Amino acid sequence: MMIERKYRCPSLIAAAFFASAWGTTADATQAAAPQGCVVAPKSPQVVDVKDKGAKGDGRTDDTAAIQAAIDEVAGTGGTVFVPKGVFVVDAVAKKRRLTLGSDMTLKLDNDAVLKAMPTDSRKYSILTVSGVSNVTIVGGTLEGERAQHMGNDGEAGMGIRIEGGAKHVTVSGVTSRKMWGDGFYVEDANDTKFCGVISDGNRRQGLSIIEADGVLVTDSVFSNTHGTRPSAGIDLEPDHPSQQIVNLRIQNSKFLNNAGPGIEIAGKKGLVAKVALARNVFKGNRAILVENAPEVLASGICDNRQIASETAKAEGPYAFADPIATMVHQSDCRDGSDMRFEVNRQTRKKNN
């Protein structure tokens, strides 16, 4: 059953709806973390990156100073603190880029920015979480160098890259924007949470998940992804037959004005299963595209909403076209697939 509600002032209605549901985009990074996403540091130890020589002046290369703070705290359960400022970092060189250790928190002030140096590299990451566990990243902004990128090739410039068997990783209240590739990237990880994050204006995806067991995405915003395909808000797509994505839940999140789908699920190369998509809002992009993923069940895609704009029919000699906003509610998932939200298609084998 389709339920439509029409309003005469779409901009005010949409603003009120979003504000009441999740708060404004500007407030999202400062909101309290959703329940289940708060991870308290195990140790009272706090190391301020400025005590290690970081300047935060938007000009100085602060990579080594921030990494020195990380190295001191890693393994202790303590916290590295990044205060207000713009901290320029080298996101390319493996021996220099910021790499987090186990049992630690990286806490950024709401007005702190980690900004990638311009590069021509096809691949970079501002923060790397590889092969470690019990890592929490909280607050602040990661800013890519998309507008200053000096090459034309590649699409693997990431804000946060989680890989190499990493487990128990929480990213909360972080904004990742203007990346050459993805705001966030997950490959070979267990128990990963994205809570109250914003991914905006990135070139390839808001969030790519390649291989993972146990992912929660909640109360987050994925917007304005464009530049190279598939330009999805979130893309679930194994690269190899040995990879799989299982036990994933995306809920209470917004997908706005992405060039590709809000959520794309592509299972041609590997298994995608046990996926739940609930209470999300889609506006300015296709909602959900499922390709070659028969284990993604319609029963797991529930209670989502889509907002579209229409023009009211004009009548009479003095009538004028009045814009209206239409909100479409997904049919109850127990009734089966709702094709207004999910486009599910299989690639047929070619006959020889």
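To keep things clear, this report deals only with the structure shown in the data block. Fair warning: this is a prediction, and the values are worked out from it, not measured in the lab.

**Concerning the nonpolar core**
Part 1 of the argument: Counting residues in each nonpolar core, the largest one holds 68 residues, and the members touching the most others are L114, I137, I162, V171, F194 and I265.
Part 2 of the argument: Beyond its immediate stretch of four places on either side in the chain, F194 contacts I162, V171, F184, V186, L207, V215, L216, V217, T218 and S220.

**Some points on the packing of aromatic side chains**
Part 1 of the argument: Considering all chains together, one arrives at three aromatic pairs under this definition.
Part 2 of the argument: A centroid spacing of 5.2 Å and a plane angle of 15° characterise the contact between F255 and F282, whose relative ring orientation is stacked. Here F255, found in strand β21 (residues 254-256), pairs with F282, found in strand β24 (residues 281-283); they are 27 residues apart in sequence, far enough to count as distant.
Part 3 of the argument: Of note, R203 hangs over the ring of W180, and the distance from its end group to the ring centre comes to 3.8 Å.

**Thoughts on the state of the cysteines**
Part 1 of the argument: Scanning the entire structure with this criterion turns up one disulfide.
Part 2 of the argument: Between C37 and C195 runs a disulfide, and the two sulfur atoms are separated by 2.0 Å. Across the S-S bond of C37 and C195 the torsion is about -70°, and the bridge reads as left-handed. Of this pair, C37 sits in the loop between α2 (25-28) and β2 (46-48) while C195 sits in strand β15 (residues 182-195), and the two are 158 residues apart along the sequence.

**As for the pattern of salt bridges**
Part 1 of the argument: According to the stated counting rule, one finds seven salt bridges in the structure shown.
Part 2 of the argument: For E163, the salt bridge goes to R161, with nearest N and O atoms at 2.6 Å.

**Description of the side chain of E211**
Part 1 of the argument: Here E211 shows up in strand β17 (residues 205-218).
Part 2 of the argument: No salt bridge forms around the buried E211; measuring N to O, its nearest opposite-charge neighbour R161 is 10 Å away.
Part 3 of the argument: Sequence-distant contacts of E211, that is, excluding residues within four places in its chain, are made with V186, E187, D188, A189, S242, Q243, Q244 and I245.

**Things to note about the side chain of T119**
Part 1 of the argument: By the element assignment, T119 lies in the loop between β8 (112-116) and β9 (123-130).
Part 2 of the argument: With relative accessibility at 10%, the residue T119 sits in the buried group.
Part 3 of the argument: Discounting residues that sit within four places of it in the chain, T119 has contacts with V92, Y124, E145, H149, M150 and G151.

**Description of helix α3 (residues 63-73)**
Part 1 of the argument: Taken together, the buried positions of α3 are T63, A65, I66, Q67, A69, I70 and V73.
Part 2 of the argument: Taken from the residues just after α3, G75 is the one with a positive phi, measuring 90°.

**Observations regarding the environment of V217**
Part 1 of the argument: Summarising the element assignment, V217 is placed in strand β17.
Part 2 of the argument: Take V217: its relative accessible area is 0%, and that puts it in the buried class.
Part 3 of the argument: Sequence separation between V217 and Q251 is 34 residues, and the spatial gap between their C-alpha atoms is 6.3 Å.
Part 4 of the argument: Contacts of V217, omitting those with residues within four sequence positions, involve F194, L207, F222, I234, R249, I250, Q251 and S253.

The rules behind each value
- Residues numbered from 1 in each chain as written.
- Predicted model: local features only at pLDDT ≥ 70, side-chain atom pairs only at ≥ 80, totals over all residues.
- Heavy atoms only, no water.
- Core = buried A, V, L, I, M, F, W, Y, C linked by side-chain atoms within 4.5 Å.
- Buried < 20%, exposed > 50% of the residue type's maximum accessible area, 1.4 Å probe, protein only.
- Contact = heavy atoms within 4.5 Å.
- Phe/Tyr/Trp six-rings, centres within 6.5 Å; stacked < 30°, edge-to-face > 60°.
- Helix = DSSP H or I, 4+ residues; strand = E, 2+ residues; numbered from the N terminus.
- Lys NZ or Arg CZ within 6 Å of the ring centre and 35° of its normal.
- Disulfide = S-S within 2.5 Å.
- Salt bridge = Lys/Arg side-chain N within 4 Å of Asp/Glu carboxyl O.
- Lys, Arg positive; Asp, Glu negative; His and termini not counted.

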